Amino acid sequence: MATINVQRPERLTLAERLYLPAILNGLRLTWRHIWGERVTLQYPEEERQFKRVYRGVHRLNKDDKGRVKCVACEMCAASCPAHCITIKATEVEWPERDKIPKIFEIDELKCIFCGYCVEACPEDAIHMTRHYHLIARSREDMIFGLDKLLAIYDETKEQEVLRGVDFGMTHARIPGKEAANPDEVQKLAYPVVGVVTKAETQRAQ
Amino acid sequence: MSLVIFIMFGCVAVGCALAMVFARNPVYGAIALIVCLAALAGEYLLLDAPLLAAFQILVYAGAIMVLYLFVIMLLNVRREEGCRWCTDWRTYLGFALAGLIGISFLFKASNVAHPAPPAGFHVYDVTGVAYTMFTDPTLLFVIEALGVLLLMSVVGAIYLGRRFSAEEESLLKRGEPEASKGKGAPDDVPCGEAAP
Amino acid sequence: MISQEQLIVSLVLGLVLMLAMTAGAGVFTFFERKIAGWTQGRYGPNRAGPKGYLQFLADGIKFALKEDVIQDYVVKPVYVIAPGLMMIPALVLYAALPIGKPFVWNGNEVHLQIVQANVGVLYLLAVASIAVYGIVFGAWASNSRYPFFGGVRASAQMISYELAMGLSIISVVLLTSEPGINALSISNIVAGQTGYWFGFIPRWNLFANPVAFFVFLVCMFAETNRLPFDLAEAEQELVGGYHTEYSAMKFASFMLSEYVNMITMSMVMVTLFVGGWHFPGIEAIRSQAIQVLLSIGAFGIKVLFFCFLFLWVRWTLPRFRYDQLMHLGWKALLPVALASALGTAIAIALRV
């Protein structure tokens, strides 16, 4: 066991033994805090603003024709450490694809929000949004199906979210996809939580 | 009106005193004693002696009885076992003595000549009480002697109750007891977990 | 004999103060939480009612509607009366304190004081000394280990600090005492603080004997079992202290009496050391009514300051250790208080 030797003064000075100077100092400090800034977030009114790479609720992307981008390759399901993704494929006669998912379910209660599915996806079809309000009245409701995941995409279409490119590996092999910028990857490798106060939000608006 | 209250207080005091004697649970006994003392304080108040009443509450109900309760609670004194009206000879002796005192009071109380208080003397007047206390030499001696006695008992209690360190233990064996803490800071005020 | 006017004033005052104290205690809990929040960079309760100001009502309603659990193992009669015993001293202590300048009504002098006790100071001490019973009985009747520890700690602490407090009050009594004046009467103590030194420093006992003031200040915290001396409720060690086994209204009355105690102790503090209703410049006011109202206001403001001090200190200092507490009480405050009483006596003897 590690032992840390702390140097303590042999004797306290009279001022220290009287407690009083220290107490007055403390009172001054708390006095300043009473009139100081409040750091609490008033949750329903104010929300925490996260960085782009925050790993929140998943979404299933749509392609430019408004169809689900997923090709039901089950790479995400295979890479998922929590086994929370269920995919049932169905065949289609589309020029660029043979399969699309008939059922695509993510059990958000099982999910550990690691982002491996995003990393694994060769089609950049699954992203993680910055939504963190995950509320449901039952366990069944927490299993998000195709409709819900696509609906989340519609909601967050404009948002910059966690993409496969942020992991910097997958997309180098896919033609036509933007290559990863190593600097950006380094910077955003972990979703850094930042707090934006109400005043700042207003200023930004 | 005040006579009625006086009698009520008296009944409470006597009732509580009896309850204290007969209570099986020592804590209930202590509670009864506290109420009895408080009722006595009420009697003093009605007799125009607020100073005495305040001291009664302050000293007896506020300090001494708290210590009693402390001891009872800390030692976890059990309920008394046995019959309620024990046919112990000591009980009868107690009653006999109490009756004797009561009778003597009845006879004597009516014809004791009360010395008239000095002019301008009020029982609530601290100055008057202090003046009497500190000018009458016999009274002063009695009070001082009582004070010394109390101090002695405090010193003795601390000496008996303190824990000795190993060094002091050896000193004691050599027959040179270290002077006990004169004023006796009661470090070991009874408290649940003070004793190591 | 009490004049009729005095009787009316006393009755009205009694009623008003009683209500004000209980309501004030409720509001006090709200501000405690609010200031707790502020010192920690939070907002404090701000949801119930406008800006959260109805939080104390919500708390009260919650306490009233909760299930009142009485455990099987408690000593029931004592358990039930203990919260009441705690409330009584809290609610009678302020009866002897004058809250405003005495005035003349129909030719009778009327004191803004519920009871004009001749031995007011002793009354304060006596009531304060029986305040410990609520805690002791509550703790014992709970028949459970941690409440018992809490109760024993609280009572040992209160007994220890009562001594130093009494001695610091003796300094005040000595400062007031003059031939022909009953220095134990609280209205005389306040009246003795109404003059000025050098024409501008008020003759408050705070300035006359700052040592006694300081000792009383510390004892005030210890007597009300507040931080830094709230070992009786040290959650880390004792679950919740002497009221662990209490719930609903019984617990609420323990809490409430704690807060009422704080207000009363602030009132005692103001009365004994900070000049009571006196404030510099009160003599310059001509109208009696305004004088009385302003004196009540000055008293209230001073009391509020000390109430705030309770909260301020609470959120500043950590809790003392038990041995530190006992050392402070017996080895520091008691000798200091004795010395201050002696010093005051000597000073007065030399002056006369």
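Residues numbered from 1 in each chain as written. Chains lettered and ligands numbered in written order. Predicted model: local features only at pLDDT ≥ 70, side-chain atom pairs only at ≥ 80, totals over all residues. Heavy atoms only, no water.

(A) Quick look at the packing of aromatic side chains. Following the criterion strictly, the structure yields 21 aromatic pairs over all chains and no others. With 5.7 Å between their ring centres and 50 degrees between their planes, Phe63 of chain C and Phe251 of chain C make a pair best called tilted. Of this pair, Phe63 of chain C sits in helix H2 (residues 55-65) while Phe251 of chain C sits in helix H11 (residues 248-273), and the two are 188 residues apart along the sequence. A relative accessible area of 18% places Phe63 of chain C in the buried class. Here the aromatic cluster, defined as three or more aromatic residues joined through ring pairs, consists of Phe213, Phe216, Phe273, Phe305 and Phe306 of chain C. Positioned above the aromatic ring of Trp94 of chain A, the side-chain terminus of Arg67 of chain A is 3.9 Å from the ring centre. The ring of Trp204 of chain C carries Lys302 of chain C above its face, with NZ or CZ at 4.2 Å from the centroid. (Phe/Tyr/Trp six-rings, centres within 6.5 Å; stacked < 30°, edge-to-face > 60°. Helix = DSSP H or I, 4+ residues; strand = E, 2+ residues; numbered from the N terminus. Buried < 20%, exposed > 50% of the residue type's maximum accessible area, 1.4 Å probe, protein only. Lys NZ or Arg CZ within 6 Å of the ring centre and 35° of its normal.)

(B) View of the pattern of salt bridges. The full count for this structure, using the stated rule, is 12 salt bridges over all chains. Its salt-bridge partner being Arg67 of chain A, residue Glu96 of chain A comes within 2.7 Å of it at the nearest N-O pair. Highlighted residues: Glu96 of chain A in the loop between strand S2 (85-91) and strand S3 (99-107) and Arg67 of chain A in the loop between strand S1 (58-60) and helix H3 (75-79), separated in sequence by 29 residues. Of the charged contacts in the structure, one is a salt bridge between Arg226 of chain C and Glu258 of chain C, with a shortest N-O distance of 3.7 Å. One end of the pair, Arg226 of chain C, is in the loop between helix H9 (210-223) and helix H10 (235-238); the other, Glu258 of chain C, is in helix H11, and 32 residues separate them in sequence. Taken together, the shared-partner salt bridges connect Asp63, Arg67, Glu96 and Arg97 of chain A into one network. (Salt bridge = Lys/Arg side-chain N within 4 Å of Asp/Glu carboxyl O.)

(C) Geometry of the sheet that holds strand S5 (residues 143-144) of chain A. All names here are of chain A. Read from one edge to the other, the open sheet built from three strands follows the order S2-S3-S5, with strand pairing classed as antiparallel. Pairing within the sheet leaves two strands with one partner each, and these edge strands are S2 and S5. In terms of strand pairing, S2 meets S3 through seven bridges, oriented antiparallel. The residue bridging Ile85 from the neighbouring strand is Ile106, located in S3. (Pairing = 2+ DSSP bridges.)

(D) Spotlight on unusual backbone geometry. Residue and element names in this part refer to chain A. Notably, Glu74 is not glycine yet its phi reads approximately 65 degrees, a positive angle. Structurally, the position occupied by Glu74 is in the loop between S1 and H3. The exposure class assigned to Glu74 is partly exposed, which follows from its relative accessible area of 36%. With phi around 55 degrees, Phe113 is a residue other than glycine that occupies positive phi space. Along the chain, Phe113 falls in the loop between S3 and helix H4 (116-120).

(E) Here's a closer look at the nonpolar core. Counting 135 residues, the largest nonpolar core has Phe137 and Phe216 of chain C as its most contacted members. Top contributing element to this core by residue count: H11 of chain C, with 14 residues. Not counting residues up to four positions away in its chain, the partners in contact with Phe137 of chain C are Val27, Ile31, Ile34, Leu69 and Met73 of chain B together with Val78, Ala82 and Leu85 of chain C. Core analysis: the second largest hydrophobic core is formed by 29 residues, Ala77, Cys117, Leu146 and Leu162 of chain A among them. (Core = buried A, V, L, I, M, F, W, Y, C linked by side-chain atoms within 4.5 Å. Contact = heavy atoms within 4.5 Å.)

(F) Summary view of the interface of chain C and chain B. Each partner contributes residues to the interface: chain C has 26 residues there, and chain B has 29 residues. Between chain C and chain B, the buried area comes to about 2,500 Å², and carbon and sulfur atoms account for 78% of it. Connecting chain C to chain B are zero salt bridges. In this assembly, chain C and chain B are joined by one residue pair in polar contact (both at pLDDT 80 or more). Sorting the residues of the side of chain C that touches chain B by element identifies helix H3 (76-92), helix H4 (120-130), helix H5 (132-141), helix H6 (145-176) and helix H13 (322-351) of chain C as the ones contributing at least two each. Broken down by element, the residue count for the side of chain C that touches chain B peaks at seven residues, all from H6 of chain C. (Buried area = accessible area lost by both parts, 1.4 Å probe. Polar contact = N/O pair within 3.5 Å; in protein donor to acceptor, adjacent residues only side chain to side chain.)

(G) Local environment of H13 of chain C. With 30 residues, H13 of chain C extends 42 Å from end C-alpha to end C-alpha; this agrees with the ideal 44 Å at 1.5 Å per step. Maximum bend of H13 of chain C: about 35 degrees, positioned at Leu333 of chain C, with proline Pro335 of chain C one to four residues after it. (Expected span 1.5 Å × (residues − 1). Bend = angle between axes of the 7 residues up to and from the residue.)

(H) Spatial organisation of the interface of chain A and chain C. Chain A puts 16 residues into the contact, and the matching count from chain C is 18 residues. Summed over both partners, the interface of chain A with chain C buries about 1,600 Å², with 67% contributed by carbon and sulfur atoms. Looking only at chain A, the three residues that lose the most surface to chain C are Leu27, Ile34 and Arg38 of chain A, adding up to 34% of its buried area. Counting across the interface, chain A meets chain C through nine residue pairs in polar contact (both at pLDDT 80 or more). A class-by-class count of the residues in the side of chain A that touches chain C yields eight nonpolar, five polar and three charged. (Nonpolar A, V, L, I, M, F, W, Y, C, P; charged D, E, K, R; others polar.)

(I) Highlighting the pairing of S3 of chain A. Inspection of the sheet shows S3 of chain A paired to S5 of chain A by two bridges, in the antiparallel sense. Bridged to Ile106 of chain A within S5 of chain A is Phe144 of chain A.

(J) Region of interest: a nonpolar patch on the surface. Taken together, the side chains of Phe141, Val142, Leu146, Val148, Leu149 and Met152 of chain B define a hydrophobic patch exposed on the protein surface, amounting to about 620 Å² of accessible area. Secondary-structure assignment places Phe141 of chain B in helix H6 (residues 137-161). (Patch = residues over 30% accessible without salt bridge, like charges linked within 9 Å, V, L, I, M, F, W, Y side chains within 5 Å. Areas by Shrake-Rupley, 256 points an atom, 1.4 Å probe, with all protein chains shown as cover.)

(K) Molecular detail of the confidence of the model for chain C. Summing up the model confidence of chain C, the mean pLDDT is 84 and the portion of residues at 70 or higher is 99%. H9 of chain C holds the highest mean pLDDT among the elements of chain C, 89, whereas H10 of chain C holds the lowest, 74. (pLDDT = per-residue confidence, 0-100.)

(L) Broad picture of the environment of Val21 of chain B. Relative to the assigned elements, Val21 of chain B resides in helix H1 (residues 2-22). Distance in space between the C-alpha atoms of Val21 of chain B and Ala32 of chain B is 9.0 Å, their sequence separation being 11 residues.

(M) Representation of H3 of chain C. When the terminal C-alpha atoms of H3 of chain C are compared, their 25 Å separation across 17 residues agrees well with the 24 Å that a helix rising 1.5 Å per residue should span. Those residues of H3 of chain C that fall on the buried side of the exposure criterion are Val78, Tyr79, Ala82, Pro83, Met86, Met87, Pro89, Ala90 and Leu91 of chain C.

(N) Broad picture of the packing of H9 of chain C against H11 of chain C. All names here are of chain C. For the pair H9 and H11, the least separation of the axes is 10 Å and the interaxial angle reads 170 degrees. Viewed along their axes, H9 and H11 adopt a mutual orientation that is roughly antiparallel. Of H11, the residues touching H9 (which contributes Ala212, Phe213, Phe216, Leu217, Met220 and Glu223) are Met265, Ser266, Val268, Met269, Leu272 and Phe273. Grouping the constituent residues of the contact of H9 with H11 by class yields 10 nonpolar, one polar and one charged. (Axes fitted to C-alpha atoms, helices over the stretch in contact; angles between N-to-C directions. Parallel < 35°, antiparallel > 145°, perpendicular 65-115°, else oblique.)

(O) Structural context of the packing of helix H1 (residues 4-39) of chain C against H11 of chain C. Residues and elements named next belong to chain C. Where H1 meets H11, the axes come as close as 8 Å, and the angle between the chain directions of the two elements is 100 degrees. The angle between H1 and H11 places the two elements in the roughly perpendicular class. Taking contact as the criterion, the partners of Met21, Thr22, Gly24, Ala25, Gly26, Phe28, Thr29 and Glu32 in H1 are, on H11, Leu256, Tyr259, Val260, Met262, Ile263, Thr264 and Met267. Of the residues that constitute the contact of H1 with H11, the class distribution is nine nonpolar, five polar and one charged.

(P) Looking closely at the pairing of strand S1 (residues 100-105) of chain C. All names here are of chain C. Both S1 and strand S2 (residues 108-112) contribute to a ladder of four bridges, which runs antiparallel. Among the inter-strand pairings, Trp105 is bridged to a residue of S2, identified as Asn108. Between S1 and S2, which pair antiparallel one after the other, the connecting turn spans two residues, and Asn106 there sits at a positive phi close to 55 degrees.

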